[in-house]
Amino acid sequence: MADAEVIPIGTRGRPGRGTGTAPSSAARGLAANGARPAPKPAKKQAPKKQSAAPRPKPVEEAVVREPVTTDEPTPAGGIPAAEWLAAFQQAAAEVFGEEWEPQLARFLAFLRRRVTGDYVVDEYGFDAEVTERFLMAALRPIAQKWFRIEVRGVENIPADGGALVVSNHSGTIPVDGLMTMVSIHDETGRFLRPLGADLVFRLPFVGSMARRSGATLACSEDAERMLRNGELVGVWPEGFKGIGKPYAERYKLQRFGRGGFVSAAVRTGVPIVPLSVVGAEEIYPLVGNLPSLARLLGVPYIPITPFFPLLGPLGLVPLPSKWLLEFGEPIRTDEFDAGAADDPMLVFNITDQVRETIQQTLYTLLMQRQSVFR
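Thresholds applied
- Residues numbered from 1 in each chain as written.
- Predicted model: local features only at pLDDT ≥ 70, side-chain atom pairs only at ≥ 80, totals over all residues.
- Heavy atoms only, no water.
- Pairing = 2+ DSSP bridges.
- Helix = DSSP H or I, 4+ residues; strand = E, 2+ residues; numbered from the N terminus.
- Contact = heavy atoms within 4.5 Å.
- Axes fitted to C-alpha atoms, helices over the stretch in contact; angles between N-to-C directions.
- Parallel < 35°, antiparallel > 145°, perpendicular 65-115°, else oblique.
- Left-handed = near helix turned anticlockwise from the far one by under 90°.
- Nonpolar A, V, L, I, M, F, W, Y, C, P; charged D, E, K, R; others polar.
- Polar contact = N/O pair within 3.5 Å; in protein donor to acceptor, adjacent residues only side chain to side chain.
- Phe/Tyr/Trp six-rings, centres within 6.5 Å; stacked < 30°, edge-to-face > 60°.
- Buried < 20%, exposed > 50% of the residue type's maximum accessible area, 1.4 Å probe, protein only.
- Lys NZ or Arg CZ within 6 Å of the ring centre and 35° of its normal.

> Got a minute to help me understand the sheet that holds strand 4 (residues 216–217) in this structure?
Consider a sheet: its strands pair through backbone hydrogen bonds, and that pairing is either parallel or antiparallel. Here we have 7 strands laid out as an open sheet, ordered 1-9-6-2-5-3-4, and mixed in their pairing. Looking at which strands have only one partner, the edges of the open sheet turn out to be strand 1 (150–152) and strand 4. Taken together, the 3 bridges between strand 1 and strand 9 (residues 324–327) define a ladder with parallel strand orientation. Among the inter-strand pairings, Glu 150 is bridged to a residue of strand 9, identified as Leu 324. Most of the contacts of helix 12 (residues 344–368) go to strand 6 (residues 272–278), to which it runs at about 30°, and overall it touches strand 1, strand 2 (163–167), strand 6 and strand 9.

What follows is the structure in structure tokens.
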């Protein structure tokens, strides 16, 4: 019987079908003898190379950075810092003048005092530093360049001590009071303490600014207290009747009230300085009024001028009239006794004397003025 061919189990196929790739002769021999093929030797892996430690950088190769100087170009525009600083100083000197550095130092000192609270406000709310630095600085160009105010008789204002300045009132809007304040301060260095109507202090922003600038309510008690303290007090006895009169009645003084300012001056024994102002009547020529609307809004009058309300806010710009301020000779009150302030005839006579002095001076100044605007 012929020897049967031995087929490995893994290669045994079904009858009638191919068996795939035939095993090699060596595999067939090993299968016949019952031995398994030897496994292939594993490949030897080469040992990993250890990374060498970084070599220290020689001292000679270390980078030495030079300090940055002002000659080095700055990142902004490539302009050296020294040239930028010089250009800034030159521009500041051209804009603010050669004294800009001391002015900047004074302004920074002012801010420091405001932040730390190192400033003085009197019992009426007057802030002398704010008034001089801001209010006077804002009013001065208007007085000098726009109205071109000419002041006469400034020697009649006492250099110190209490005094009462009595002036006519005009202009539709009480700009004459502000111009009188800055003119007196520039000519004498003294602050004028105005006596204002209660309507001024009821306004939201105007009231607080009036207090800071030295104004107080027009009452005898406050007036007498300030005069005894040596203040220079200003009063406009015409009140709203003076500033709200029609243009046809310009420079005609209205009634001076009951003479309360005279009583305050007599009780304190201070001089009364009459002041006549020409030029304020023409800044807002009053040609009409709206009394019904004024009563509705709670104001004395609603002015109608040739430019307001026709031109809107532009109509509020005052006309550049030429102003004249003349201070008359002081009227002494220290020669009266203490009870003279309660004498109505004496008060009336002094009031009439002050009013007539101002009125006659107004007529004289109007004759001397060549034109409204020059």
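> Which parts of the structure should I look at to understand the packing of helix 3 (residues 100–116) against helix 4 (residues 128–146)?
Pairs of packed helices are described in terms of their axes, by the angle between the two and the distance that separates them. Interaxial distance between helix 3 and helix 4 falls to 12 Å at its minimum, and their mutual angle equals 140°. Considering the angle they form, helix 3 stands oblique to helix 4. Viewed along their axes, helix 3 and helix 4 form a crossing whose handedness is left-handed. Two secondary-structure elements touch here, helix 3 through Arg 106, Phe 110, Arg 113 and Arg 114 and helix 4 through Glu 129, Val 130, Arg 133 and Phe 134. A per-class count over the contact of helix 3 with helix 4 returns 3 nonpolar, no polar and 5 charged.

> I tried to follow the side chain of His 169 on my own but got confused; where do I start?
Tracing the backbone through its elements, the reader meets His 169 in the loop between strand 2 and helix 5 (175–188). A polar contact of 2.9 Å, which involves the side chain of His 169, links it to the side chain of Asp 176. In contact with His 169, other than residues within four places in its own chain, are Pro 174, Asp 176, Trp 236, Glu 238, Gly 239, Gly 242, Ile 243 and Lys 245.

> It is not clear to me how the packing of aromatic side chains should be interpreted in this structure. Could you clarify?
Given two aromatic rings, one states the distance between the centres and the angle between the planes to describe the pair. One pass over the structure, following the stated rule, counts 3 aromatic pairs. Their ring planes at 70° and their centres at 5.4 Å tell us that Phe 126 and Phe 191 sit as a pair that is edge-to-face. Linking Phe 126 in the loop between helix 3 and helix 4 with Phe 191 in the loop between helix 5 and strand 3 (192–196), this pair joins segments that are 65 residues apart in sequence. Each member of the pair Phe 126 and Phe 191 is classed as buried. Plain terms: the ring middles of Phe 147 and Trp 323 are 4.6 Å apart, the flat faces sit at 25° to each other, and that makes the pair stacked. Of the two residues, Phe 147 sits in the loop between helix 4 and strand 1 while Trp 323 sits in the loop between strand 8 (303–304) and strand 9, which places them 176 residues apart along the sequence. By relative accessible area, Trp 323 is classed as buried at 0%. We note Arg 211 situated over the ring of Phe 201; from NZ or CZ to the ring centre the distance is 4.5 Å. One cation-aromatic arrangement involves Arg 250 over Tyr 247; the distance from NZ or CZ to the ring centre is 4.1 Å.

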